[in-house]
Amino acid sequence: VGFDAASGLGVDGVTVTLAGRVERFEALRGQPIVLDLQTPDQHLEIGAAGFRSQTITVDGEKVYAVRLSRSTTLRGVVRDADGAPIPHASVRLIASEDTDAVPSRDIVGRPTLRRTDESGAFTFDALQPGVYRTSVDIAGVTHLSRPLALRDGEWAQADHRLVTSTALSVQVDTPGGLPAERARLLIQRAGTAAPVTRYTDDHGRAAIRPLPAGSY
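Sequence positions are assigned chain by chain, starting from 1 and proceeding in written order. Residue-level local features of this predicted model are given only where pLDDT is at least 70; pairs of side-chain atoms are given and counted only at 80 or more, and the full residue set underlies all totals for whole chains, interfaces and linings. Excluding hydrogens and water, the side-chain values take into account all heavy atoms of the structure.

Q: Can you walk me through the pattern of salt bridges in this structure?
A: Two side chains of opposite charge can pair, provided their charged atoms sit close to one another. By definition here, a salt bridge exists when the distance from a side-chain nitrogen of Lys or Arg to a carboxyl oxygen of Asp or Glu is within 4 Å. The full count for this structure, using the stated rule, is five salt bridges. Between R70 and D4 there is a salt bridge whose closest N-O contact spans 2.7 Å. Of this pair, R70 sits in the loop between strand 6 (66-68) and strand 7 (73-79) while D4 sits in strand 1 (residues 2-4); the two residues are 66 residues apart in sequence, bridging distant segments of the chain. What makes R70 partly exposed here is its relative accessible area of 25%. When accessible area is computed with a 1.4 Å probe and restricted to protein chains, residues below 20% of their type maximum are described as buried, those above 50% as exposed, and intermediate ones as partly exposed. The buried category is assigned to D4, whose relative accessible area is 5%. Salt-bridge contacts for R21 lead to E23; the nearest nitrogen and oxygen are separated by 3.2 Å. Taking relative accessible area as the criterion, E23 reaches 34% and is therefore assigned partly exposed. A run of H or I in DSSP counts as a helix once it spans at least four residues, and a run of E counts as a strand once it spans at least two, with each numbered from the N terminus.

Q: Can you help me understand the nonpolar core in this one?
A: Where a protein is soluble and globular, its nonpolar side chains tend to be buried together. Counting residues in each nonpolar core, the largest one holds 17 residues, and the members touching the most others are L74, V78, L127 and L150. Broken down by secondary-structure element, the contributors of at least two residues to this core are strand 7, strand 8 (90-95), strand 10 (121-124), strand 11 (130-138) and strand 13 (148-150). Here this core gets three residues from one element, more than from any other, and that element is strand 11. When sequence neighbours within four positions are dropped, the list of residues in contact with L150 reads T72, T73, L74, L127, P129, G130, Y132 and A156. Among buried residues, those of type Ala, Val, Leu, Ile, Met, Phe, Trp, Tyr and Cys that are joined through side-chain atoms within 4.5 Å constitute a nonpolar core. Counting residues in hydrophobic clusters, the runner-up holds 13 residues, among them F25, A48, I56 and L68. A contact between two residues is defined here by any heavy atoms of the two lying within 4.5 Å.

Q: I'm lost on the pairing of strand 10 in this one. Help?
A: Side-chain alternation along strand 10 places F122 and F124 on a buried face and A121 and T123 on a face that remains uncovered. Note that strand 7 and strand 10 share four bridges and pair antiparallel. Bridging across to strand 10, L74 finds its partner in F124. Two strands qualify as a pair provided that DSSP identifies no fewer than 2 bridges between them.

Q: Would you explain unusual backbone geometry in this entry?
A: Even without being a glycine, A19 presents a positive backbone phi close to 55 degrees. Within the secondary structure, A19 sits in the loop between strand 2 (14-18) and strand 3 (21-25). Here A19 falls in the exposed class, since its relative accessible area comes to 78%. Its identity is not glycine, yet H88 carries a phi of approximately 65 degrees, on the positive side. With respect to the helices and strands, H88 occurs in the loop between strand 7 and strand 8.

Structure follows, in structure tokens:
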């Protein structure tokens, strides 16, 4: 069972690493995950998003309570002007330049680009203490969060609420009149350097939002 050492609550989305193989388990908080190991004395690395991993040695059939320490983590949700989450948005982590508490330039060597999940959420964890902000790029327009100072083991929230809800709806059909599934669309705003890529769904449809006003 994975627990948050700070709050004592159970942790969802536990990862288990065994012999270099990583497996993810979705469990109800406070409920144990079950592993069937072929040999005793196995060394497992237990972790979760936003926590430092911990190694345990499994000896026999029993329940292990693993208390995970929090890592320095910045989380957030990207929403449009109506409050709806925006999935697959590009979010970049930036080390703030306007303070003396600047973290290392490589931001501890971690990837600085994420895509939001289906609920519009993103996570940057295992960070060095310091000051950070996040930027969201939508159709060539950049939205910046305010700078946040993170202490060691602290969790902080950097939500983005975009100011426009303009949308572009596209229907793509084949020459025979059938919906074109997984058709690749390139949407480019006049004056921007690069287009935005989207794909149609099973019905040949795609909705691109939010978009700033302009010519595309």
